[in-house]
Structures are given as C-alpha cells and as structure tokens.
Amino acid sequence: MALELTVNGVRHSVDVAPETPLLWVVRDQLRLTGTKFSCGIAQCGACTLHIDGRPVRSCSVPISAAAGKSVTTIEGLSPDGTHPVQLAWMELDVPQCGYCQSGMIMSVVALLERHPNPTDAEIDAEVTNACRCSTYHRIRQAIRVAAASISAGGRTL
Amino acid sequence: MSNDNRTGAILSRRGLLLTGAAATGALVIGFWMPQRAQPPIATPEGAAWAVEPATDEVNAWVVVAPDETVTVRIAQTELGQGVWTSNAMMVCEELQCDWSKVRPQYASANRDAKEMAPPWTLNVMGNGANDPAGGGEPQFGTRDRTGLAGIPDSLYRRMRTNAAASVKDGRYYLQLAGAEARERLLLAAAKTWNVPVEEVSSANGIITHGPSGRTTTYGKVAALAAQTPHPNPAQIRIKPPSEWTLMGTEQKNLDVPSKVTGKAVYGIDVHLPGMKWAAVKSCPVYGGKVKAYDFERIRSEPGVISAIQFPIPDPVLIRGRIFGGGVAVIADSWYQAKTAIEKMPIEWDVPPENAARNTANIRAALMVSLDQPGKVGVNVGDCDSAFRSGARIIEATYSVPYLPRARMEPGNATVLVTDDRVDIWIGDQSPQETRRSAAMITGIPETNVYLHMCHLGGGYGRNGNGPQAEQAIYIANLNRGTPIHLLWTREEDFVNTTYRSIGVAKLRAALDRDGWPIAMEVRTATDEQAPGATAGFDVAARYFAPNYRFSTHSGRFHIPVGTRRGVGAPAQHFYRESFMDELARAVGKDPYLYRRELISRTSLPYKADMIEALDIAAEMSGWGTPLPQGTARAIGLEERGAEDGGHATISAQVHTVALSKQGKVRLMCVDVAHDEGFGLVNPLTVKKQIEGQITWFYNDAMHQECNVTEGRIAQSNFDTFSLSRIDEDPPEINIRFFKTGHWLDGMGHDRGTSIPSGIADAVFQITGKRYRDLPLRNHDLTWS
C-alpha cells in the first residue's frame, strides 16, 4: 500500500508494509542515511528525527503514523550545515565517533524550540539521547552557544 | 542490471541451505565487474575510503592536486579518537602545506597487500622514549608480515587501530612521509627554476626562491615532484617538539563537519546497486551452533530471498576467539530480513558445559583460583615473613563484571565477492586482518581484496574482534555477484562481541606501626585468555612496599574475552586505588599524602611525574577544604607505562562526589592533572578523550555489568544495559597539562580509570560503607 509523506520538504510516496518503522523508510527507501540505527527499541535516540516539528525515535514509529505528515531529518535541518546548532557543534568540536550526533542534534533543535534558553534541568530532561563516546560535556556547552546564537537573531528551524 | 539481480535472487533461493556450496559462475555474467582499485560504486560525499587520485601522488601518504588540495592518506581508522586529524597533523607538520586545504582519506589496504614500505619508514631514529628529537619507541616494533605480532613491512606499516598507539607507533614515519614529500616538492621547484635546492623554502604550500623572491605552489610542482625521487631519504630528519608549529596546537577534527550534517559515511550507510541485506542470528551460547532451522516458515515473508547457515567463525581468523554458528536471512531490505529471521524457528546445538556456566559459578571459580599458586609476576623480598611480623594486616577482595564496548553502530559489513575479487565496505580497526580473512574464506588472493574503509560508530577496543566481516564474507561468498550488506541488531551485537573479562582480586598489606606497608601482596584473576592481566601491578609496585608479590590467576571460560577500552587497566586501577584508599583510611592518613609518600619511596622511573600529577590535581581541587555534608573528594592515580621507563602516560584525578540520602550519586567535578610528555599532537583531541572517558568510566562505576545465565549473556540491549546520559556528566571538568621527559603512551584509554575507586571511596566517606565490587548501583548507597 502506498503511503504519502513529506520529508525535508519533498513529497514522497512509499510502498512498504504499514508497520515498517519510519527509520527504515528514511534510510532504505529515501536513502537519507544521516539518521542512524542503534538499539531498535527507542532507548538510545540515534534515530531521532522530527515529525511535524516534534522529536521522535523513528526506529519505533511505524510509517503509517507518519503518513500525511512532515518529517525533518538531519539532512533537512539546513541546506548547508549552518543551522545554529550545527554551527555550535562545530565550534565546540563536539563529535567523537559521531554516530549518535544526528539524533542528538535533532533532539537539541527540538529542545531549543520549546526552551530557547534552557536550564540544566530542562537539558537533562529533554536530551535523553545516548552518546557512547560521552561527548556530553561539549554538548551542554554547545547548547548554550546555540541558544545564545538563536536569541541573538540566528536562524531557527 | 535488474535482470541480473533477479537471476541472482533466484539462484540464491535455489542455493538455499547449501552451506558449503558456492554459487555458480553464471551468477556474475553480465554483472558489472570492477577492475580497478576504485570501489565499484560512486563515492558519496562524506565517504572516506581510498579513491584513485587524478594527480600522481608525491608519495604514498601525500597527493597535491593542481587546486592545492592536499590529500593525506590515513592508515588508522577514525572511531572518535581523532586519528583522522592527528595523523594528518603529523604529516603536515613536516609538509608545511596550507592546513585548510588538507583532506584526509583512508589508505588503501589493497595497495598495502601489493607494495612494500619505503625503506625510510622501517627504522626508528633516535634514542627511544626519552629522546625528544627521536622517533620514540613503537610498541609494535617488531616486523611481522601478518600484522598480528608486530607491524608489517608492507606499504602502510601498521594499519591496525589499537592500544592507543596511533601516535606512538606511527609518528616517526608519518613525520618522515611529510618531510619526504616536502623535500621532493622543493627539489621539483628548484629543478623548474634551475636553482640550487638550498635556495628554496616553503610555508603554507607556497614555495619561495629566496634570492629572487620568485614563488610557486605545491600544486604547480606536484606532478614534477611525483617524478623526482629523493636522492637520500636516509638523511631526512624530523622536527623535535621545540620546532613544531602545527602539532601541539588545538585543531578541530576534520571529520566534524560531515558528522553534524549526517553526511559522514559509516559502514551501515553503504548502498550498492543490486545489494541485498542480511540479518543474522548467532547461537547466544558461545561455542554453540545451529542444529536445525525452518526456512519454510518464513519463505513467503515479504522480500525474503534465502537463508544461509554459517559455521562458528574460524577462530584462526579472529585471534582464537570462539563465537557461535548461526543463520542469516537474506532479503530485499534489512527490516524485512530482520522481521523474517525473528519468526524463523531455530534450534541450537549447545555444548552442555557452556550452557552450565553462569556468573556465580564463573566468579566462584576465579575466587578459588586466587588461593591457588598462580603465575608469579613480581616477587621482591620475602612477603611471607613480612606478613608474619606486620603490626596490622589489611585484606580486601574486589570484583568487576564482564563488560562489552557497546559501541553505537551495530556490527555490519557490505561484501561483494566475484570470481576473482572481493570488495568490502566496512568500518574496521584491523583491515590487514580482515583482508586475510577474506582471502582465507574465499580463496581469492589478498592482492585482489579491496577494503573500502568507513568511519566507525565507536570502537573502544574492538580491533581484530570479528566476526562481522567473517560472517559477511562467508555469506557473500555463497552469493557471488550479489553485494550483501550484513547488519546485526543491537541484540546480535551483544552476542557477537568480545567482553572485558570478569575479574576478582585479593589485595593484602602488612603495615608497620606508623601505618606504612612493609609487605603487599596482590592476586588478580581473570579468564586465562584475557589480555592485559598484568596492567598496573607488573614489574614493580606503584606504591612502595619493601616486600611485594604480584601473581595472576585464572580460569578458562567460554565467554570470548578481548580488548575493551583500557584492556586490563580499568579493573586493576580500581583494585589498586581502592586498596590505597582503604589503607590510608584504616591508619588515619590522608589518601593523597599517603599515595604521595609511597610513590616517593619507590625507584620508579617516572615517580616525579606521578607525584606532580597528584600535587597538581590536589591543588586544583582545593583538596582538604571543607565540603557540604553529603559531598566528598577522592583522588586516584592513573598510569600506563609507569613501570619501565619507556613511553608512559601519567595522570591523577580528584573526583568530587555528591551523594543524596536516597543514594543518588552525582559526580560534581573532576580535576585532571595530565602528563603531556614532550608534547601532545592535538591537545583539543586529548581534552575530548579525557572528557569522554570520565563519563565512560562513570558508567563502569555505577551502572554497567553483563551477567551470564545458562551460558549466554543476559543483557542484550540498552534497556537492560544502561548507558549514562547527559544528566550524569559532571558539571565541571578541569584539565591541566604538565610537561614530562618522555613520549606519551596514548590517550584513547586509561584516563578516568580512577573514577570507580573514587566514587567508592566517596561513598565510604559519606556513608561509612565500603563497596568492593562493581557496579555500585547494586549496593545500598543510602545514608542518614
């Protein structure tokens, strides 16, 4: 059965079983491989992307739940890698192995949409993605840099 | 092409269950056969594997294009430790090109199979680990064609990424490679201008003729340089740290832009035309294999093509480690393959002695071994009589669990086998070993094996671990002509990994009336196949006792054990530093000053560095100043190589720990005093490695353990195997470097190893309860 969804502003029609996780549609059908698979049970957050602006763990969201909706992946965050969160990540040199960072960045973008100047407690509560290299120390600093940049007039999503 | 794929699919179905039968040659007819070193797919942006350059290389490490872009070949694998940048920095320090034009790219493991190393890479110059002008003292100094026992003398020498040794082992020849290229670029310019080479110099990729002021660029003379041999490469010298201009500066990692945009290509991201996906199930009890499986039950599931049984991967190919045999299901998409294999009934043939193992009987066996003679590593003085005369005997027994690396990217590999060639896309820490595996499994010579290297989604000690490549090669070899992308589920990644061995230790000390040890005895026990069993205690005691005995003990179990980050050191540092805290507190002395005094009594070559580390960390932390109730400080020494005067990395950390009355631990601050040796290549990467290892070892201290139940690892995903999140990262990390008189022993591990003992001691200070086995979450940490 064909399902329609919009990904990074482009409408797609995909023909997969409706229970297929959104992650695998994005990665296999649409070849947007920036969104990663790691645990498959919505624990780690490596697969985080946005549906209608809200962060979800796409390994555990069936494609049927995204039908007719607007999906944003790391590839759609900015055309040229200059979203304030991406710029902050580069300024702080956050990634180590980098595998979790697409999902981490998508979670942080969503955090900053809800809390433009987040407290430590808000960061702790909403950025629950796992990073095995434990780049958390720079992530927290980069969130501050991104928040300052956005409040100073930098672009948001 | 689609027709050929369909043919392949049909033949694969027919070949179903024929575990030994290779597919027929007919399968490859009409399939595009790649002939060159180039991978048989277009290279996407963000892919890092070797491609044939459009311009002739200057040497095997350096290609300068007419647009001044400098490609630097990297023979280690980027897995977060910064080698992509630090290896390039070592080359470019000497090359003197424009750093903003540098583009790293993985070295070709295929070329490495065909070409010998330039002679100038083979001999380390200088006088070892204490000579700032020399090449250091590589850990894997011996030459070994297979790369297992030492560094091969093939083109790229050491392609393995392990032992935190990429800088230690590769620096001298990477600096030489940059210098050789620079000197040949200068020779080419001098030839062009018809002037003596002594009159030309370069900086930032621009070559200047001093007397005339004429300039040219590397890009303009690179083609000529490629044709200009170095007249006397044996005379090339490398810069000592006092002359560095790029090395020693903080450089952002060159792979980061691709990792914040999702463009970096990991092995899991590889896609080939006609590619099929494989999901696997391996016997969860190591040493077990498939007894039977029922493919008919899933044959008609969507996308399913075939099932292939695979044997226990040949231990010869994976350093003797024994995993399980299993089954792969091949389908059009991985999700289809995974969904189908989960519905397929599989019966296992499990060795009963393995199935009878559990954590309790394994640990009990190790405890018994501690009281048996063991293998004596050090025996100074006469411990037995000292213990008889000691004023006070203190004894403690510690234990640590099995631990996996749990890297974020599950194991995967994409393999295309044709009749005379193997192509493998993989993130791999041992491409030379994987190349050999491919040749052994397919019968195709190593010179026809092409590894297209990808960044790795975490490594943490996984080198040479297998068997992701071996499983994928086996399956692809039975599907010749069809690219097979094998991907493990997270649960399979837990089954198919090696573990840091479970361990126990008994430490005893006899103290004199003033509380100083007159004898110390250390017994440690692990699986006998576990590497690193002597770390931290061998050669000489780090903390002085006139009578000192260290012995290793072991049992033999079926859980495959390997090199998890730090290898033996994290467990042994926990034992050693915990025991120092216990001794100091038992005799009412300050644990910092107690350590300091005992180090000062040794004759260890780097004892001044160890004392300096403790002094700096203590001073940074405000050691001794009051803290609120429920907060405590603990100190620990971390060292790699402190015992023998070679390469070493010395650090000390003070951990400030808060503990709520409900038992919630928070690491508030870590103060780090860290040895920078003669100089760090990229201090930014070092800081990142220290920061990351702090929370890595917080995980070890507080959360992580794997238990064995009926012969299998009980934990299988991140719901039962916890990973710390940002809320457990310490709010404050302070790092201060200090210079020492040796080259460093690496940075990718052995930092933060004092966190488990530090938290345990802080818990003791706050609650009065001393816990000696990890993780601490298993204990009651409440207090009132």
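Calculation rules
- Residues numbered from 1 in each chain as written.
- Chains lettered and ligands numbered in written order.
- Predicted model: local features only at pLDDT ≥ 70, side-chain atom pairs only at ≥ 80, totals over all residues.
- Helix = DSSP H or I, 4+ residues; strand = E, 2+ residues; numbered from the N terminus.
- Buried ≥ 20, exposed ≤ 12 C-beta atoms within 10 Å, placed from the backbone.
- Contact = placed C-beta atoms within 7 Å.
- Rg over C-alpha atoms; globule rule 2.2 N^0.38 Å.
- Domains from an automatic or database assignment.
- Pairing = 2+ DSSP bridges.
- Right-handed = clockwise from strand over helix to strand, strands pointing away.
- Core = buried A, V, L, I, M, F, W, Y, C linked by C-beta atoms within 7 Å.
- Axes fitted to C-alpha atoms, helices over the stretch in contact; angles between N-to-C directions.
- Nonpolar A, V, L, I, M, F, W, Y, C, P; charged D, E, K, R; others polar.

A. Broad picture of the overall build of chain A. When you go through chain A residue by residue, the secondary structure sums to six helices and five strands. The order of α-helices and β-strands along chain A, N terminus first, is β-β-α-β-β-α-β-α-α-α-α. Expressed as lengths along the three principal axes of its C-alpha atoms, the size of chain A is roughly 45 × 30 × 25 Å. Burial statistics for chain A: of 157 residues in total, 58% are counted as buried. A separation of at least 24 residues holds for 63% of the contacts in chain A among residues at least 6 apart in sequence.

B. The overall build of chain B, seen in detail. When you go through chain B residue by residue, the secondary structure sums to 18 helices and 26 strands. In summary, chain B has a C-alpha radius of gyration of 28 Å against a globular reference of 28 Å for 784 residues, a match within 12%. For chain B, the spread of C-alpha atoms along the principal axes amounts to about 85 × 80 × 45 Å. Expressed as a percentage of contacts within chain B between residues at least 6 apart in sequence, the contacts between residues at least 24 apart total 78%.

C. Geometry of the domain arrangement of chain B. Residue and element names in this part refer to chain B. For chain B, the assigned domains are domain 1 (2-35 + 265-282 + 288-349 + 405-495), domain 2 (62-258) and domain 3 (360-403 + 499-778). Across the contact, 20 residues belong to domain 1 and 18 residues belong to domain 2. Where the side of domain 1 that touches domain 2 is concerned, the elements lending two or more residues are α11 (431-442) and β16 (449-453). Sort the elements by how many residues they give to the side of domain 1 that touches domain 2 and α11 lands first, with five residues.

D. Quick peek at the pairing of strand β2 (residues 70-74) of chain B. Residues and elements named next belong to chain B. Where burial is concerned, most of β2 is hidden: five out of the five residues are buried. Because side chains alternate across β2, one face comprises the buried residues Val70, Val72 and Ile74, and the other comprises Thr71 and Arg73, equally buried. Linking strand β1 (residues 62-64) back to β2 in an antiparallel pair, the connection comprises five residues, with glutamate 68 at a positive phi of about 75 degrees. In the sheet, β2 pairs with strand β3 (residues 102-106) via five bridges, with the strands oriented parallel. Paired with isoleucine 74 across the strands is tyrosine 106, a residue of β3. Crossover handedness for the path β2 to helix α2 (residues 83-95) to β3: right-handed.

E. Structural context of the nonpolar core. Residues and elements named next belong to chain B. Residues Val62, Leu185, Ala278, Ala328, Val329 and Ile475 are the most contacted members of the largest nonpolar core, which totals 277 residues. The element contributing the most residues to this core is helix α4 (residues 166-193), with twelve residues. Beyond its immediate stretch of four places on either side in the chain, valine 62 contacts Glu57, Val70, Val72, Val91, Leu95, Ala177, Gly178 and Ala181.

F. Layout of the sheet that holds β1(B). All names here are of chain B. Reading across the sheet, the three strands line up as β1-β2-β3 and stay open at both edges, with mixed pairing between neighbours. Looking at strand neighbours, the two that pair on one side only are β1 and β3, the edges of this open sheet. Here the strands of the sheet are splayed against their neighbours by 25 degrees on average, with no regard to which way each runs. Strand direction decides the pairing type here: β1 and β2, joined by three bridges, are antiparallel. By the bridge assignment, valine 64 is partnered in β2 with valine 70. Against the sheet, α2 makes contact with β1, β2 and β3, and its axis sits at roughly 125 degrees relative to β2, the strand it touches most.

G. Spatial organisation of the domain arrangement of chain A. Residues and elements named next belong to chain A. Domain annotation for chain A reports domain 1 (2-76) and domain 2 (84-151). For domain 1 and domain 2, the distance between their C-alpha centroids amounts to 21 Å. The interface is formed by 14 residues belonging to domain 1 together with twelve residues belonging to domain 2. Every element with two or more residues in the side of domain 1 that touches domain 2 is listed here: β3 (48-51) and β4 (54-57).

H. Region of the structure containing the interface of chain B and chain A. Contacts between chain B and chain A engage 48 residues on the former and 47 residues on the latter. Those elements that place two or more of their residues in the side of chain B that touches chain A are α6 (256-259), α7 (334-343) and α17 (683-702) of chain B. For the side of chain B that touches chain A, a count of residues per class yields 20 nonpolar, 14 polar and 14 charged.

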